[in-house]
Amino acid sequence: MLTGRWTDVNNVPLVRENVLKPGNLQTLLSEAVTKFADKLAFKIGDFKMTYKELGYITSKISGNLRLYGLEKQQRVLIFLPNTPQTVIAIWSVVIGDCTCVMTNPLYSESELLHQITDSDSKIIITCDLLLSKVKAVLDKTQVTDVFVVKLSDEEQNYDNPKIHPWEELLKDNRGYYCKTINPQTDLAFLQYTGGTTGVSKGCMITHANALANCQQVCAMFTKYLFEGQEAFICVLPYFHSYGLMVSVLFPTMIGASQTPLPRFSPKSFLATIQKERITAMPSAPSIFNACITQKDIDNYDLSSLKVLISGSAPLSLASMQAFEKKTGAKISEGYGLSEASPVTHFSNMDLPKKEGSIGLPLPFTEAKIVDVEYGIKELGPGEQGELCIRGPQVMLGYYNQKVETDLVIRDGWLYTGDIARYDEDGYFFITDRKKDLIICGGYNVYPREVEEVLYKYPKIREAAVIGSKSETRGEVVKAFVVLKEGETADSKEIIAYCRQNLANYKVPREVVFMDNLPKSAVGKILRRQLQDIK
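Residues numbered from 1 in each chain as written. Predicted model: local features only at pLDDT ≥ 70, side-chain atom pairs only at ≥ 80, totals over all residues. Heavy atoms only, no water.

A. Representation of unusual backbone geometry within the structure. Cis rather than trans, the peptide bond between Ser341 and Pro342 has omega equal to 10 degrees. With phi around 70 degrees, Gln73 is a residue other than glycine that occupies positive phi space. With respect to the element layout, Gln73 can be found in the loop between α2 (51-67) and β4 (75-78). Positive phi, normally seen in glycine, also occurs at Phe364, with a value near 65 degrees. (Helix = DSSP H or I, 4+ residues; strand = E, 2+ residues; numbered from the N terminus.)

The following block contains the structure:
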């Protein structure tokens, strides 16, 4: 078992304090508003907002949500791309001791409906570009009110009494901050994930979980990023636990300005770094690779960058070295999962890099490797087994899923489902990902949810899905199907069907037709054999 131990090359502790400060996310925001009142919280084009203004508007929105009947710990589903209003909505919900349900704006209507109903969400905050999806499912839910941020130039007809313009939440009132938050039990986020078993579940992240993880991440960068002096570019999706932590909570804790980007394109991304003098870039390998392969990258001034954070998938040493050489910045690669709020490991930027390593456990985090079969025997350096985590960032459990919770949290340890090892220096390495997980452009795709859609297609008898390597996306979805006897189909019609029922990144880019799928003696589909089929 290894415990987070952070020292630099001179064996000097990198963590300023040896305890985590108690509190909740409301205190995190309140301290930022007080300490960094006149510092910019947001800067994107001509739009600017200070932390003092952020504190005022979130208190006002929190008060209006109460006036619309929202009570403690009730759910607010946030269905928005990366915009300042998304961050404002998040803080407005949590300071009132309600729970944010962060939702992927790429979701199909059926995926959206599942998350609304499973989370018991009462209110939705969305935008006009996504309103048609909400309208399509609204009557099938328990939602009482929908608030719509206007992002397009088109006029919106609010013909449903449940649907209101965002401005309804901006009306003056006395403001509201809940005074009775219990950090250990009150949920700040219901973070949906496929989890380690691939079934869509809501991770119950408390105020204490999120605040602890934010402090742990902050300790990692305390030598490089300074309070009230940094500028973050926020292209990682806010709905994802990784983006939520490193692009919303962490920047707020250190009083950094945030520049949210609703979508990624390499040229606009690089231009924004140059224009806004960005100092911190939370990112993913697909973004690094897309940027470094731009032919005109030398035309951009990226010298303002100080820290680059990489996660969601392994970053190749070649890409890491190329970006460091281009920018002069330090890169830290890490690991986490939604069940851990999400960060558990980061590489130490003061020590030599080890290719393929996720680094060391964060401060106040324990990690161990156990045998895969029973999960009981603790293994030593160099031995491969399941990675287990224990620390203040580990979730309470899955919402309304006690059986699934008991499978992954045992005696306080979170069983990640990832196969890993550690070396004599305490560096951890992921050697195999969660069972069959596909990472497409930084997004997690679980084969089972794609296969369930395929099985509903009337011509398909059997289906299996794997990840296929892609130079631009890391991986894309590849489907293998067996048609029912007498049926005919082509890949175009199957892909078109999937587009109607899945987010775009989950849609198969290739369909292979087979007579039979390879199976084990007990009928289990052998996905690894499918990897060898061209």
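B. Quick peek at the packing of helix α3 (residues 84-95) against helix α7 (residues 241-253). Two elements in contact, α3 and α7, have axes separated by 12 Å at closest approach and are oriented at 70 degrees. It follows that α3 is roughly perpendicular to α7 by the angle criterion. The two elements α3 and α7 cross, and the hand of that crossing is right-handed. Mapping the contact onto sequence places Val87, Ile90 and Trp91 in α3 and Leu244, Val248, Leu249 and Thr252 in α7. For the contact of α3 with α7, the residue count by class is six nonpolar, one polar and no charged. (Axes fitted to C-alpha atoms, helices over the stretch in contact; angles between N-to-C directions. Parallel < 35°, antiparallel > 145°, perpendicular 65-115°, else oblique. Left-handed = near helix turned anticlockwise from the far one by under 90°. Contact = heavy atoms within 4.5 Å. Nonpolar A, V, L, I, M, F, W, Y, C, P; charged D, E, K, R; others polar.)

C. Here's a closer look at the pairing of strand β7 (residues 145-149). A large share of β7 lies buried, amounting to five of its five residues. A two-sided burial pattern is seen for β7, the buried positions comprising Asp145, Phe147 and Val149 on one face and Val146 and Val148 on the other. Pairing of strand β6 (residues 121-127) with β7 involves five bridges; the strand directions are parallel. Residue pairing for β7: Cys127 is matched across the bridge by Val149. As a crossover connection, the stretch from β6 through helix α5 (residues 131-137) into β7 is right-handed. The pairing of β7 with strand β8 (residues 163-165) spans three bridges and is parallel. Looking at β8, one finds that Val146 is bridged to Ile163. (Buried < 20%, exposed > 50% of the residue type's maximum accessible area, 1.4 Å probe, protein only. Pairing = 2+ DSSP bridges. Right-handed = clockwise from strand over helix to strand, strands pointing away.)

D. Just the sheet that holds strand β27 (residues 510-513), in detail. Taken together, three strands build an open sheet; the order of strands is β25-β26-β27 and the sheet is mixed. Two strands lie at the open edges of the sheet, namely β25 (460-470) and β27, each paired on one side alone. In this sheet, adjacent strand axes meet at a mean angle of 25 degrees when their direction is disregarded. In terms of strand pairing, strand β26 (residues 474-483) meets β27 through four bridges, oriented parallel. The partner of Val481 across the bridge, within β27, is Phe513.

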